[in-house]
Structure formats: structure tokens, C-alpha cells
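Residues per chain are reported as follows:
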Amino acid sequence: MAFKLAGKKFLVTGAGQGIGRELSKTLSEHGCKVYALSKTKDTLDTLEDECENIHTIHADIGNWDEVREKLKDVEVLDGLVNNAAYVGESQIPSLDVPKSYLDKIVGANLLGTINVTQIIGRKMVDAMKSGSIVNVSSIWSMQAVPGYLPYTVHIIVTCNKTKICADRTSSFGVNDINPTLYLNRNH
């Protein structure tokens, strides 16, 4: 299948490893300018070394103000891939999940993607630019996964957030994809 992506500009969150890293590399190979955002500096550095069209942004998606500051000068893009997510260190029974753990996962996975969508989406709307926003969700949005309450709840909400955004934006498409669980070396 041939992609006509040369010259397009994308932001990929969670670009330091896993799906985000491979997607960033693939977009770069197809001639795209890629802004790769990750909280892990060393993996961003190696990504930038491997691909010429990649511009790295070192930020923690869970830090609302930091992300806004880092993205304020990013140009109007053709697309955004909200891929960053934190699954958690281990399984925790639903009745024992501490609020601090919920805050960490919801802050990064849900609020972080809303923040990035607002920033990039607003720039697209203001510039009357058509494009696409893709939220990487999970197959877990369709099933109960014991021990992963915060992650599963965020994934379900992400799918509905996608539907809400898609209904409210006419100048660009908003979609989600639901791959199976992908554990990278840090999970």
C-alpha cells in the first residue's frame, strides 16, 4: 500500500519507544516532518540520531503546563497521534487502588491527551487546516481487565472522548485505534 505522506507534518506522543517510536520512524521514512514527544530523553536522542526528519520534544505528557509551553511554538500540523500512555507497574485490586496512582494514570493518559489535542487541534482550526487526530487506545477498552482499573477506565474514556471530538470538529478527522496490549521494556 502506498502512502502519500511526503511533506506532511505530525506530532507523535509517546515517541520514545514502542508503537510511538516505530510510527515516528515510519512517518519519517515516508518523508514527513515528525515532532516526537516523550518524557524519556535518551530514547528521544537515539530516535533523532536514526531519522533525519524527526524533531524531538522532551516533556512529560502528564505535566499540563510543561506540555503547553513546549508545544506553543510548534507550527500548524497535518496530524497528531496521541500515543503516550502509562499502564502501571503492577496489578492492583480495584478496591485497593490509591488516589495517587489514579491521579498519575489519569493525569498522563487522559488529561495529557486532552491537553495535546486542545493545543494542536486549536492551531488546526484557527488556520482552517484539514488534518487528522488519532488516539491510540487499546483492545482493553472492550473488556474488563482485573488489576488494571485506572488504565482500563482511561482507555474507555479515551474512546468516548474521541467520539465527542469527532462530532465537534469538522475541519479534521478524529479517530481511535485499538491495538492489543504492547508491553515495552519499561513496563
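Scoring rules and cut-offs
Residues numbered from 1 in each chain as written. Predicted model: local features only at pLDDT ≥ 70, side-chain atom pairs only at ≥ 80, totals over all residues. Heavy atoms only, no water. Axes fitted to C-alpha atoms, helices over the stretch in contact; angles between N-to-C directions. Helix = DSSP H or I, 4+ residues; strand = E, 2+ residues; numbered from the N terminus. Parallel < 35°, antiparallel > 145°, perpendicular 65-115°, else oblique. Left-handed = near helix turned anticlockwise from the far one by under 90°. Contact = heavy atoms within 4.5 Å. Nonpolar A, V, L, I, M, F, W, Y, C, P; charged D, E, K, R; others polar. Salt bridge = Lys/Arg side-chain N within 4 Å of Asp/Glu carboxyl O. Buried < 20%, exposed > 50% of the residue type's maximum accessible area, 1.4 Å probe, protein only. Right-handed = clockwise from strand over helix to strand, strands pointing away. Pairing = 2+ DSSP bridges.

S.K.: Hey, could you run me through the packing of helix H1 (residues 18-29) against helix H2 (residues 41-50) in this one?
M.R.: Any two packed helices are characterised by the angle at which their axes cross and by the distance between the axes. With their axes 11 Å apart at the nearest point, H1 and H2 run at an angle of 20° to one another. In this view, H1 runs roughly parallel relative to H2, as classed from their interaxial angle. Two packed elements cross with a definite hand, and for H1 against H2 that hand is right-handed. Mapping the contact onto sequence places Arg 21, Ser 24 and Lys 25 in H1 and Thr 43, Thr 46, Leu 47 and Glu 50 in H2. A breakdown of the residues in the contact of H1 with H2 according to their chemical character gives one nonpolar, three polar and three charged.

S.K.: In this structure, what is going on with the pattern of salt bridges? I would like to understand it.
M.R.: According to the stated counting rule, one finds ten salt bridges in the structure shown. Arg 21 is the salt-bridge partner of Glu 50, the closest N and O atoms lying 2.8 Å from each other. You can see Glu 50 sitting in helix H2 and its partner Arg 21 sitting in helix H1, a full 29 residues away along the chain. A salt bridge links Asp 78 to Lys 129, with the shortest nitrogen-to-oxygen separation between them at 2.8 Å. Residue Asp 78 is found in the loop between helix H3 (64-71) and strand S4 (79-82), and its partner Lys 129 is found in the loop between helix H4 (99-126) and strand S5 (131-136); the two are separated by 51 residues along the sequence. According to the relative accessible area criterion, Asp 78 is buried, its value standing at 10%. Each member of the salt-bridge network shares a partner with another, and the members are Arg 21, Glu 22, Lys 25 and Glu 50.

S.K.: Please clarify how the pairing of strand S1 (residues 9-13) should be interpreted in this entry.
M.R.: Put simply, side chains in a regular strand alternate between the two faces of the sheet. Counting buried positions along S1 yields four of five residues, so the element is predominantly enclosed. Of the crossover connections in this fold, the one passing from S1 over H1 to the parallel strand S2 (residues 33-38) is right-handed. Pairing of S1 with S4 involves three bridges; the strand directions are parallel. In the strand pairing of S4, Phe 10 is matched with Gly 79.

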